[in-house]
Each structure stands twice: as C-alpha cells, then as structure tokens.
Amino acid sequence: MKIGLTICEYNPFHNGHLYSISQIKEQLNPDATVVIMSGNFTQRGEIAVMHKYQRAKHAIMAGADIVIELPTVFATAPAEIFAKGAVKLLSSLKGEKHLCFGIESGDKAGLLATATALSSESKEFKKLVKEFLKEGVSLAKAKQLALEKLNPPDIDLGFTLSPNNILALEYTKSIIEEGYSMDILPILRRGTGYKDKSAKENIASALGIRALIEEGKIKKCKGLTPDYVYEDLPKALPNVSDAVMIALNKATKEELSQITDCTEGLENRIKAHLKDCFELKELINKIATKRYTATRISRITLSALLGTSDAFMRKCLKSPLYLKVLAINEDRLDLLSSLSGELPFIMRKSDTAKLSNVALKCFELDVKANDIYNQITKTKTNEFETKIVKVGL
C-alpha cells in the first residue's frame, strides 16, 4: 500500500492546505493519505484557533483519509523535536511511506544534500556554531551561518532561511539520521509565505487568517478557506494569556529551568520581568532578544502551563508511544487494520489499556492539554473519541 503522509497544524485549514492535499493525490496517487496534526497547542507556543477534532474533521473533508494527533510533548517543541516526533510516529505505519511537505523554494536534490550535510555535524561545524552563538544569534541562525561558511557541495542554503523550509530540512534530517524507510515529496507552496499576512491567489497563510480574526475582520477570510472551514471560524481567537501568567507565577525557577530551551538562566529573566507584566505578549516582548526569539519564549511559557519538561520529552522520543486517531473518513475504516504496525491506535477509552510507562504518561499529558483547552475556550470535547466523518452525499 502506498501512503502519502503529511505533518501539519491546520491552524486553521486554508486553501493552501487544500492545494497541498490535492498535490499529494495528483503527484503521488497514494492508496491512502495520512495526516499527523498538532493538537490544541502549537509549535509557535500558541493555543489553536479551533479544537483539534474540528480541525481534523476539516482535513478529512478536504481529502485526507485519517488524521492522527501529534502528541502535545512534540507539538509544542522546537522544530527539530517537532519533526523527529512526528516522523518517528509515522514510520511505525505499514506500507510504502512517502512524506509530503510544503517548501518555499528549492528542490528534492538540494534538500537531501543540505540535510545530509547538517546530519554529519563535523567537529569544525560544531566549533563554528559555538563561535556564532557567542555573537548573540539564535541556534538556528548559528547553524545557518556555520553551514554557509563551510559551504559543502550541492547544498541549498535556502532551506535554512524560511519556516517551512526549515521544517522540511528537519523532516529529511530525521529520516536520514534514523534510517527510516520513507521517501520524501517536497511540494512547492503557492500564494503567500508562512509569515506573510497578505493574500495572493486566494491563498493566505494561517498566520494571516488568524490576524484577520484577531482584528475582527473575519468576513475577509471568506474565499481564503473552504466554506466548511469558514463556517466554523471563531469570531475571536482563544486567549491563553491569563492561564499562562498564573502558571508562570506558580512555577519555581527550578521548575522553569527543566523546560526545553529554558537555558542559560532564562528562568531568572522570566521571573524578573514577570513582576512588571500583566499580559503574556508584553512579557514575551520584554524577554525576547536576537538570541532568544519570541517564538522560543512563547514555547517556554506555554510549557509552564502544560507542565512539560525537557527530560520527559527526551524519554518520549526514545519510547514506543501510540497513534491517537482524531478523525477518519467513514469509508476508510479499513485503514486501521491495513496501516496497523508496532504502535497501537487509540480511538476509545478502552484502547488506553494498551499503554503503560512513558506512553501512558504522554497520553495523560494530551488529556491534560485537552482539558485546559476546554476550560479556556469553554468547549466540551472528549479525549476518548474519534470523529467518524461522512464525506460527500
């Protein structure tokens, strides 16, 4: 069975995502299209615009066959861990696997060459990274500069510059480093860039659509998303600020220092500025620097709310977990047996009896994150459910 795989957030699902799914089907002609999607909290350290079951339903209506949840511990992590966690889970599926993802520039050959160069990380490369870090740049920027200086043959530095290209690079690195039996299919994005808030060819970024909602211009989203998504868009974005600020006040410096990327005394910086801030955005802006990006700070502060730690995340990366099914096409229920490999599918409460140790704790974190999301958004979703979606007439 040929499987088209894709990793996403769909926050929210828009015409660019619809184009991506259509390209997977057109270029690959898979027997099944499988999505692994972030849950209620995202890689930028933000709360999702709609709950995960609604977003998963949109993906099925757009042509996906099954949507699996990317566990919270990976979904809210830096790009490298986000990618490693997602690829690890997808690699457990049976079949001829093809990982499909959007890129802003470049091609498959350049991506493979660049990922291979980064995977080797020679002594000289590591030395250069340390030197650039001393200049006060972020880790991602330091790696980019080190690679640019070494200039290995056939690399494409464009894969170190933009968000989707960086993720594409991390997906490919993970496949190479772990030796997964998985091919890649890079798909050139259409429309605007990841961080662009404007629209082009009826395609806007998810960031742009969220900005329109935040500005009270939801009518401008019409035509940028499929109708079934537009009808479900909220009139306002969920606000996680108060919950995170309370969590940061409750957390000790020692607890904050256990969070992924909360290094070099960042916990002291957070606690110092916390006394003078009442809004999360204000706090993040005061803490962020060229070295410590606002997105990195957002992830750290969100982790304080969710209770995730770097040590636990590392355990999850090394342990067999599970495949939590958020939604599935009613006509493709056969996929559960066809794709079933070494990890259990979780669809109902009784399925959690298959989990133990790290896997069980990882799932309990997903439940906790879902409960927190429900409290903040005043919605009721059941962690022990799967949406069976009827598509078409």
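Please refer to the structure higher up on the page.
Position numbers for residues start from 1 in each chain and track the written sequence from start to end. With the structure being a predicted model, the display of local features is reserved for residues of pLDDT at least 70 and the display and counting of side-chain atom pairs for 80 or more, all residues being used for whole-chain, interface and lining totals. Water and hydrogen atoms play no part in the side-chain values, which are based on all heavy atoms of the structure.

Caption draft 1: The arrangement of the overall build of the protein in detail. Only DSSP runs of H or I covering at least 4 residues are called helices, and only runs of E covering at least 2 are called strands; the numbering of each starts at the N terminus. Scanning the protein from N- to C-terminus turns up 18 helices and ten strands. Relative to a compact globule of 393 residues, whose C-alpha radius of gyration would be 21 Å, the protein shows 20 Å and is just as compact. Each of the three principal axes of the protein carries a C-alpha extent, and together these read 60 × 50 × 45 Å. Each residue is placed in one exposure class: buried if its accessible area under a 1.4 Å probe, protein chains only, is under 20% of its type's maximum, exposed if it is over 50%, and partly exposed if it falls in between. In the protein, which comprises 393 residues, the share counted as buried stands at 56%. About 17,500 Å² of surface is accessible on the protein, with carbon and sulfur atoms providing 50% of the total. Radius of gyration: over C-alpha atoms. The globule rule applied is 2.2 Å multiplied by the number of residues raised to the 0.38 power. Working definition of accessibility: Shrake-Rupley area with a 1.4 Å probe, residue cover restricted to the visible protein chains.

Caption draft 2: Main features of the side chain of S241. By the element assignment, S241 lies in helix α11 (residues 241–250). Each residue touching S241, except ones within four places of it in the same chain, is listed here: E279 and L280. Whether two residues are in contact is decided by their heavy atoms, any of which lying within 4.5 Å being enough.

Caption draft 3: Representation of helix α2 (residues 52–61) in the model. Burial analysis of α2 places eight of its ten residues in the buried class, the great majority of the element. Listed in full, the buried residues belonging to α2 are K52, Y53, Q54, R55, A56, H58, A59 and I60. Trailing α2 by a residue or two, G63 shows a phi angle of about 125 degrees, which is positive.

Caption draft 4: Region of interest: empty space enclosed by the protein. Cavities and pockets were defined on a 1 Å grid built over protein atoms only: a cavity is a set of grid points that admits a 1.4 Å probe from which the probe cannot escape, a pocket is an open set flanked by protein on both sides within 12 Å along at least five of seven lines, and lining residues are those with an atom within 4 Å of any such point. Grid points are joined across faces, edges and corners, and a volume is the space filled by probe spheres set on the points. Following the criterion strictly, the structure yields one cavity of 30 Å³ or more and no others. Its volume calculated, the largest cavity comes out at about 110 Å³. In this classification, Asp, Glu, Lys and Arg are treated as charged, Ala, Val, Leu, Ile, Met, Phe, Trp, Tyr, Cys and Pro as nonpolar, and every other residue, Gly included, as polar. Split into classes, the residues belonging to the lining of the largest cavity amount to six nonpolar, five polar and three charged.

Caption draft 5: Seen up close, the nonpolar core. Judged by nonpolar contacts, the single largest core of 69 residues is most densely connected at I7, V34, L90, L99, Y171, L321 and F345. When residues of this core are assigned to their parent elements, the largest contribution, seven residues, is made by helix α4 (residues 79–90). Dropping the residues within four chain positions of it, L90 is found in contact with L5, I7, V34, I36, K97, L99 and M182. Here the nonpolar core consists of buried residues drawn from Ala, Val, Leu, Ile, Met, Phe, Trp, Tyr and Cys, with membership extended through side-chain atoms lying within 4.5 Å. In this structure, M245, L256, I300 and Y373 belong to the second largest nonpolar core, which totals 30 residues.

Caption draft 6: Representation of a negative patch on the surface. A cluster of like negative charges, contributed by D242, D276, E279 and E282, occupies part of the molecular surface. Its place among the elements puts E282 in helix α14 (residues 280–287). For E282, a relative accessible area of 31% translates into the label partly exposed. For patch building, the residue pool is restricted to those with more than 30% relative accessible area and no salt bridge; the joining distance is 9 Å between like charges and 5 Å between nonpolar side chains (Val, Leu, Ile, Met, Phe, Trp, Tyr). Salt bridge, as used here, is a side-chain nitrogen of Lys or Arg placed within 4 Å of a carboxyl oxygen of Asp or Glu. Neither His nor the chain ends contribute to the count of charged residues, in which Lys and Arg are positive and Asp and Glu negative. All charge positions are set by atom: Lys at NZ, Arg at CZ, Asp at CG, Glu at CD.

Caption draft 7: Quick look at the pairing of strand β8 (residues 323–329). In terms of residue burial, β8 counts as a mostly covered element, since seven of its seven residues are buried. Both strand β3 (residues 66–70) and β8 contribute to a ladder of three bridges, which runs antiparallel. Note that in β8 the partner of I68 across the bridge is V325. Pairing geometry for β8 and strand β9 (residues 345–346), over two bridges, is parallel. Across the sheet, K324 pairs through a bridge with I346, a residue of β9. In this description, strands pair whenever DSSP reports at least two bridges between them.

Caption draft 8: View of the packing of aromatic side chains. Only rings of Phe, Tyr and Trp enter the pairing, Trp through its six-membered ring, and a pair is recorded when the two centres are within 6.5 Å. The plane angle decides the type: under 30 degrees is stacked, over 60 is edge-to-face, the rest tilted. Evaluation of the coordinates by the stated rule reveals five aromatic pairs. With a centroid separation of 5.6 Å and 50 degrees between ring planes, the pair formed by F101 and Y171 is classed as tilted. In this pair, F101 sits in strand β4 (residues 96–103) while Y171 sits in helix α8 (residues 163–178), placing the two residues 70 residues apart along the sequence. Judged by its relative accessible area of 4%, Y171 falls in the buried class. Their ring planes at 45 degrees and their centres at 5.9 Å tell us that F363 and F384 sit as a pair that is tilted. Highlighted residues: F363 in helix α18 (residues 357–377) and F384 in the loop between α18 and β10 (387–389), separated in sequence by 21 residues.

Caption draft 9: View of the packing of α11 against helix α13 (residues 266–274). Axis geometry follows a simple rule: fit a line to the C-alpha atoms, using only the stretch in contact for helices, then measure angles between N-to-C directions, giving values from 0 to 180 degrees. For the pair α11 and α13, interaxial distance at closest approach is 10 Å and the crossing angle is 115 degrees. Put simply, α11 runs roughly perpendicular to α13. The crossing of α11 and α13 is left-handed. Along the contact surface, α11 presents M245, L248 and N249, while α13 presents I270, K271 and L274. When its residues are assigned to classes, the contact of α11 with α13 shows four nonpolar, one polar and one charged. Any angle that is under 35 degrees is reported as roughly parallel, and any over 145 degrees as roughly antiparallel; angles of 65 to 115 degrees are reported as roughly perpendicular and all others as oblique. Left-handed is the label given to a crossing in which the near helix is rotated counterclockwise from the far helix by less than a right angle, and right-handed is the label when the rotation is clockwise.

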